[in-house]
Amino acid sequence: SFQNKTIGGQARWVGLDNYIELLTGDQYASVFWNTVRVSLVYTVVSVAVKLLFGLLMALMMNEQFRGRMLIRALLFLPWATPTIIVALTWRWILDGSINGLINLFRVEYLGAETLIQFLADPDKALWFVILVVIWQGTPFYTMMLLAGLQAIPDDQYEAASLDGANAWRRFLDITIPGLMPAITITVLLSSIWTANSINFVYAMTRGGPSNSTMTFPMLAYEIGIAGGRQLGMAAAVSVLFFPLFIVAIYILTKRMLSTDAQN
């Protein structure tokens, strides 16, 4: 990251020039700061919604009902499917041409006269990529939180019921505190995986249109491999992103060690 290094070229020491160019330069600064915004929205929204849906699904799957095992298996299918297959399948579903599944259905069966540009519209593309990330990643949350729910002793709920606590109070006073270790670990792991993943963005939009889905891994790839072939600049992008992982890994490790100590 301190070198001006291109693919096949001789490396030349440039000190902090790559960082200065990324943060304030005319060529990359606007793209870099846009990438910071997109990456934060992409990660925070994806993780928050996956946590919400994962918790709701875990609560449902923790109840006794007919066909529970079958529904569990079906719910976990998106997470078990290879990521690149999920991304390519959804790219076909959301294709803005008549070949896209949704647009084909709208035109053939609903009589629509216009095509929706799901992934070609800068105002829509990021949200539909996030939608696919949520669809694929929510089962992981469900699995982790379901395991956490089943580890909470039933006698705690029985004692709370005898004390007059309603379902909402039992949820706030027993379920949420009992799930906090699982929630913390799951959210931190998912945040690292989501922020560091290039698969969905690469397969669905390549960071476009107009950099509206450009995340840190995609920017590093574009600068270092696909377009600019500036390996030093791409390394600087990754290094600037690395402190966020350090914080997340520190919190995760501390939480896991404290959990082990309690056990």
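Here is what the cut-offs are and how they apply
Residues numbered from 1 in each chain as written. Predicted model: local features only at pLDDT ≥ 70, side-chain atom pairs only at ≥ 80, totals over all residues. Heavy atoms only, no water. Axes fitted to C-alpha atoms, helices over the stretch in contact; angles between N-to-C directions. Helix = DSSP H or I, 4+ residues; strand = E, 2+ residues; numbered from the N terminus. Parallel < 35°, antiparallel > 145°, perpendicular 65-115°, else oblique. Left-handed = near helix turned anticlockwise from the far one by under 90°. Contact = heavy atoms within 4.5 Å. Salt bridge = Lys/Arg side-chain N within 4 Å of Asp/Glu carboxyl O. Buried < 20%, exposed > 50% of the residue type's maximum accessible area, 1.4 Å probe, protein only. Polar contact = N/O pair within 3.5 Å; in protein donor to acceptor, adjacent residues only side chain to side chain.

Colleague: Would you mind going over the packing of helix 2 (residues 29-61) against helix 8 (residues 167-196) with me for this structure?
Modeller: Any two packed helices are characterised by the angle at which their axes cross and by the distance between the axes. Where helix 2 contacts helix 8, the two axes come as close as 10 Å, and the packing angle between them is 140 degrees. Considering the angle they form, helix 2 stands oblique to helix 8. Along this stretch, helix 2 crosses helix 8, giving a crossing that reads as right-handed. Contacts between helix 2 and helix 8 pair Y42, T43, S46, V47, K50, L51, L55 and L59 from the former with F171, T175, I176, L179, I183, V187, S190, S191, T194 and A195 from the latter.

Colleague: Looking at this structure, I do not really get the pattern of salt bridges. What am I missing?
Modeller: Where charged atoms of side chains with opposite charge meet at close range, the side chains can pair. On inspection of all chains with the given rule, the structure shows 2 salt bridges. In this structure, K124 engages D121 in a salt bridge whose closest nitrogen and oxygen atoms are separated by 2.9 Å. Linking D173 and R169 is a salt bridge whose minimum nitrogen-to-oxygen distance equals 3.0 Å. Separated by 4 residues within a single helix, D173 and R169 lie in helix 8, roughly one turn from each other. Judged by relative accessible area, D173 falls into the partly exposed class, the value being 45%.

Colleague: Just checking my understanding: could you explain the side chain of T35 for this structure?
Modeller: Residue placement: T35 occurs in helix 2. Within the structure, T35 has its side chain in polar contact with the backbone oxygen of V31 (distance 2.7 Å). Residues contacting T35, with those up to four places away along its chain left out, are M214, T215, F216 and L219.

Colleague: I keep staring at the environment of Q156 and nothing clicks. Help me out?
Modeller: Examined against the element boundaries, Q156 turns out to sit in helix 7 (residues 154-162). Between the C-alpha atoms of Q156 and W13, which are 143 residues apart in sequence, the distance is 63 Å.

Colleague: In this structure, what is going on with the side chain of T186? I would like to understand it.
Modeller: In this fold, T186 is placed in helix 8. Of the polar contacts made by the side chain of T186, one reaches the backbone oxygen of A182; its length is 2.6 Å. Look past the residues within four positions of T186 in its chain and what remains in contact with it is F140, Y141 and M144.

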